[in-house]
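# Structural overview for review
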Amino acid sequence: MKRVLHCILFCLLFISCKDDGKNYHLSGRAEKGALVDNSMIFVLETNSKFATTGDVIRTVTNKGGAYEFNVKLKEPFVSVTAMGYYYNEITGKTTEPTDGDKDDTSAGKITLYALAELSEGSNINLNVITTITKDRILNLIQTGMSYESAYKQAQFELLSHFGLQRYAEKNANTFSITAGNEEAGALLVISAALLVNQTPSSFQDYLNKICTEFAKKGKLAKYMITAYEANCQKLNLNQLTTWTKRYYSTLGIPIELPNLALFIDWNGDGVAGNEIN
């Protein structure tokens, strides 16, 4: 009888240890432009279909929208949300309210999303690409797709609207404006072009409409595409480059940026930058 009890206790101990989960070091950036210091980050532990299975882990950003912490999770899938004021690439200022705007502290805030399958040392960035594709990815997963296949399809669908489909294979939750690579340039142009003609108080609603439209079939409404193309033509790329580099420099984060003209489809042939020699 004692042997049986010992076996049961051993099995229970083994199962409980097995269910304790795995330690992960999570880090990344929340960038619309960069979210300001002390913006909120929420991490939800999920299953492979991104249904919530665990607690909500909370932390805050520091300089340049960065966050970093250790966490133990039972499954390697998470849904991450960031909320806060951000650097507006068009105005060259953050959207934090001035003294005259203190009555409406929600105006100018943005909510960004990202989904991720983790590995040790996982870096998860949140940006407009991860936000727009989130619900589309979830819809594709519900049809039986794996997370990897779903994010690649959703990114290809979205980036093809902008002539930037060549960046669809690499997960956008690794893109950062601070990286100085081609993905940084593509992300900055998309982020800035979506802001043209928007106010800090109107942008969140506009972004929500884009997310809702894209989630259905992986397509944007014609007026959204037309607006984006027109907005790209309006961007002052030299100013955008200078202001963005200067802002990050004030945070103690020197960055380099590629030629932003390479990330705009100037002639409407469906491929951005091929017109540039």
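Quick look at the structure, then. Values in this document were obtained by computation on a predicted structure and should not be read as measured data. (Residues numbered from 1 in each chain as written. Predicted model: local features only at pLDDT ≥ 70, side-chain atom pairs only at ≥ 80, totals over all residues. Heavy atoms only, no water.)

## Details of the overall build of the protein chain
Within the protein chain, the secondary structure is distributed over 7 helices and 8 strands. Within the protein chain, the fraction of its 277 residues that count as buried is 49%. By sequence separation, contacts in the protein chain at least 24 residues apart represent 68% of the contacts at least 6 residues apart. (Helix = DSSP H or I, 4+ residues; strand = E, 2+ residues; numbered from the N terminus. Buried < 20%, exposed > 50% of the residue type's maximum accessible area, 1.4 Å probe, protein only. Contact = heavy atoms within 4.5 Å.)

## Comments concerning empty space enclosed by the protein
With the rule as written, the count across this model stands at 2 cavities of 30 Å³ or more. The wall of the largest cavity is formed by A114, L115, T130, T133, K134, I137, Y147, Q155, N171 and N173. At 4 residues, helix 2 (residues 128-142) tops the list of elements feeding residues into the lining of the largest cavity. Its residues assigned to classes, the lining of the largest cavity comprises 4 nonpolar, 5 polar and 1 charged. Approximately 30 Å³ is the volume found for the second largest cavity. Along its surface, the second largest cavity is lined by F162, L194, Y206, I210, L220, M224 and Y228. Residues belonging to the lining of the second largest cavity are distributed by class as follows: 7 nonpolar, no polar and no charged. (1 Å grid on protein atoms, 1.4 Å probe; cavity = no way out; pocket = protein on both sides within 12 Å on 5 of 7 lines; lining within 4 Å. Points joined across faces, edges and corners; volume = space filled by probe spheres on them. Nonpolar A, V, L, I, M, F, W, Y, C, P; charged D, E, K, R; others polar.)

## Examining the sheet that holds strand 8 (residues 109-117)
Strand order in this open sheet of 4 strands is 3-2-5-8, and the pairing throughout is antiparallel. The two strands at the open ends of the sheet, each matched to only one other strand, are strand 3 (52-60) and strand 8. Across the sheet, the axes of successive neighbouring strands diverge by a mean angle of 15°, strand direction being ignored. Taken together, the 6 bridges between strand 2 (residues 40-46) and strand 3 define a ladder with antiparallel strand orientation. The residue of strand 3 that forms the bridge with V43 is I57. (Pairing = 2+ DSSP bridges. Axes fitted to C-alpha atoms, helices over the stretch in contact; angles between N-to-C directions.)

## A closer look at the layout of surface pockets
Computed from the structure, the largest pocket encloses a volume of approximately 170 Å³. Lining the largest pocket are 14 residues, with H161, F162, E229, D265 and G268 positioned closest to its centre. At the level of secondary structure, the elements contributing two or more residues to the lining of the largest pocket comprise helix 3 (147-161) and helix 6 (222-234). Per element, the largest residue contribution to the lining of the largest pocket is 4 residues, and it comes from helix 6.

## A few points about helix 2
Between its terminal C-alpha atoms helix 2 stretches 22 Å, which fits the 21 Å expected from 15 residues at 1.5 Å a residue. Its axis deflected by about 40° at K134, helix 2 carries its strongest bend there. Within helix 2, 12 of the 15 residues are buried, which leaves it mostly tucked inside the rest of the structure. Those residues of helix 2 that fall on the buried side of the exposure criterion are V128, I129, T130, T131, I132, T133, K134, R136, I137, L138, L140 and I141. Where helix 2 is buried, its residues meet strand 8, helix 3, helix 4 (182-195) and helix 5 (203-217). Between the side-chain oxygen of the N-cap and the backbone nitrogen of I129 there are 3.0 Å, and the N-cap of helix 2 in question is N127. Immediately beyond the C-terminal end of helix 2, within one or two residues, lies G144, with a positive phi of roughly 110°. (Expected span 1.5 Å × (residues − 1). Bend = angle between axes of the 7 residues up to and from the residue. Polar contact = N/O pair within 3.5 Å; in protein donor to acceptor, adjacent residues only side chain to side chain.)

## Structural notes on the nonpolar core
Counting residues in hydrophobic clusters, the biggest one holds 71 residues, and the most contacted among them are I124, I129, L164 and I190. For this core, the element with the most residues is helix 4, which contributes 9 residues. With 11 residues, the next largest nonpolar core counts F50, L138, A150 and A154 among its residues. (Core = buried A, V, L, I, M, F, W, Y, C linked by side-chain atoms within 4.5 Å.)

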